[in-house]
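As a plain string of letters, each chain reads:
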Amino acid sequence: MTEIIETDAGTARITWHEAKKARLVLAVGHGAGGGIEARDLQALAQALPAHGVSVALVEQPWRVAGKKMAPAPKTLDLGWRGLWPALARSGVPVVAGGRSAGARVACRTATELGAAAVLALSFPLHPPGRPEKSRADELLGSGVPTLVVQGGNDPFGKPAEFPEGTFDLVEVPYGDHGFAVPKRAPLDQDEAVKIITDATAKWLTSLG
């Protein structure tokens, strides 16, 4: 089911993959360079409803409008805030999530919006080659239980670069920022994606 939502940042869209008896909603936003067709978002949408988790794939207004470039972070946050009532209306807890820029949005707004937890896929800890430009404060400031799923070769921050914190971190070995693994890797692409879905399902179950 696809739902159109008007926000102060423009028209947004939610594509629902609903569980029969949902105990949680996982809302996930896309990154600045792509949409909800990303392999990790699609895999979660297919896998999690069987675990009692409805998945809401969120498209920000700039993406719905067909623009190529994401707007400033405050505009992304504005769009996310405008979507939240539709995400929360079922009355079950909502886990805020996203990949890359979408993960930053989820972290920045989690406490304000009352998110139960945050799922950060490919969190962009710093721009490639610029480790001094750290965004760790956004991740550490989420204020709720947080799971980071990070590719082992992500140029935006390898797992070993992440600071100590109260978040959980799962590594997808050899994965890049899109969780693609090279052909020479000892695991194939399906196995890499299964690490993401299995880890997320296990973590969501642990939330109660």
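Before reading on, note that the structure itself is shown above.
1. A closer look at the nonpolar core
With 35 residues, the main nonpolar core has Ile14, Trp80, Leu83, Trp84, Leu87 and Phe123 as its most contacted residues. Broken down by secondary-structure element, the contributors of at least two residues to this core are strand 2 (10-17), strand 3 (24-29), strand 4 (53-59), helix 3 (73-88), strand 5 (94-99), helix 4 (101-113), strand 6 (117-121) and helix 5 (136-140). With residues near it in sequence (within four places) discarded, Trp80 still touches Ala27, Val28, Gly29, Val58, Gln60, Ala96, Gly97, Val105, Ala106, Thr109 and Leu113. The next biggest cluster of nonpolar side chains, apart from the first, holds 28 residues, and it includes Ala117, Val149, Ala192 and Leu204.

2. Considerations on the side chain of Ser100
For Ser100, the position within the fold is in the loop between strand 5 and helix 4. A polar atom in the side chain of Ser100 sits 2.8 Å from the side chain of His177.

3. Remarks on helix 1 (residues 39-47)
Along helix 1, the residues that are buried comprise Asp40, Leu41, Ala43, Leu44 and Ala45. Next to the buried residues of helix 1 lie strand 2, strand 3, strand 4, strand 5, strand 6 and helix 6 (189-206).

4. Topic: the sheet that holds strand 1 (residues 2-7)
Strand order in the open sheet made by the eight strands is 1-2-4-3-5-6-7-8, with mixed pairing throughout. Taken across any chain shown, the strands that pair with only one partner, and hence form the sheet edges, are strand 1 and strand 8 (168-172). Each neighbouring strand pair of the sheet contributes to a mean axis angle of 20°, computed without reference to strand direction. The pairing of strand 5 with strand 6 spans five bridges and is classified as parallel. By the bridge assignment, Gly98 is partnered in strand 6 with Ala120. Along the sheet face, helix 3 touches strand 1, strand 2, strand 3, strand 4 and strand 5 and points at about 135° away from the line of strand 1. Packed onto the sheet, helix 4 meets strand 3, strand 5 and strand 6 and runs at close to 145° relative to strand 5.

5. A short note on the packing of helix 3 against helix 4
It is at 10 Å that the axes of helix 3 and helix 4 come closest, and there the two elements cross at 45°. With respect to helix 4, the axis of helix 3 lies oblique. The handedness of the crossing between helix 3 and helix 4 comes out as right-handed. In contact with Pro73, Leu76, Asp77, Trp80, Arg81 and Trp84 of helix 3, helix 4 contributes Val105, Ala106, Arg108, Thr109, Glu112 and Leu113. Considering only residue class, the contact of helix 3 with helix 4 consists of seven nonpolar, one polar and four charged.

6. A short note on the pairing of strand 4
Along strand 4, seven of the seven residues are buried, which leaves the element largely enclosed by surrounding structure. Burial along strand 4 is two-sided: Val53, Val55, Leu57 and Glu59 facing one way and Ser54, Ala56 and Val58 facing the other are all buried. Direction of pairing for strand 2 relative to strand 4: antiparallel, over a ladder of five bridges. Pairing of Ile14 across the sheet is with Val58, part of strand 4. Note that strand 3 and strand 4 share six bridges and pair parallel.

7. Concerning the pattern of salt bridges
Counted by the stated rule, this structure contains ten salt bridges. Here Glu3 ties to Arg89 by a salt bridge, and the two come within 2.8 Å at their closest N and O atoms. Separated by 86 residues along the polypeptide, Glu3 in strand 1 and Arg89 in the loop between helix 3 and strand 5 bring together distant segments of the chain. Take Arg89: its relative accessible area is 52%, and that puts it in the exposed class. The partner of Arg63 in a salt bridge is Glu37, with the nearest N and O atoms 3.3 Å apart. Of this pair, Arg63 sits in helix 2 (residues 61-64) while Glu37 sits in the loop between strand 3 and helix 1; the two residues are 26 residues apart in sequence, bridging distant segments of the chain.

Definitions and limits used
- Residues numbered from 1 in each chain as written.
- Predicted model: local features only at pLDDT ≥ 70, side-chain atom pairs only at ≥ 80, totals over all residues.
- Heavy atoms only, no water.
- Core = buried A, V, L, I, M, F, W, Y, C linked by side-chain atoms within 4.5 Å.
- Buried < 20%, exposed > 50% of the residue type's maximum accessible area, 1.4 Å probe, protein only.
- Helix = DSSP H or I, 4+ residues; strand = E, 2+ residues; numbered from the N terminus.
- Contact = heavy atoms within 4.5 Å.
- Polar contact = N/O pair within 3.5 Å; in protein donor to acceptor, adjacent residues only side chain to side chain.
- Pairing = 2+ DSSP bridges.
- Axes fitted to C-alpha atoms, helices over the stretch in contact; angles between N-to-C directions.
- Parallel < 35°, antiparallel > 145°, perpendicular 65-115°, else oblique.
- Left-handed = near helix turned anticlockwise from the far one by under 90°.
- Nonpolar A, V, L, I, M, F, W, Y, C, P; charged D, E, K, R; others polar.
- Salt bridge = Lys/Arg side-chain N within 4 Å of Asp/Glu carboxyl O.

So yeah, pure geometry; function would need other evidence.
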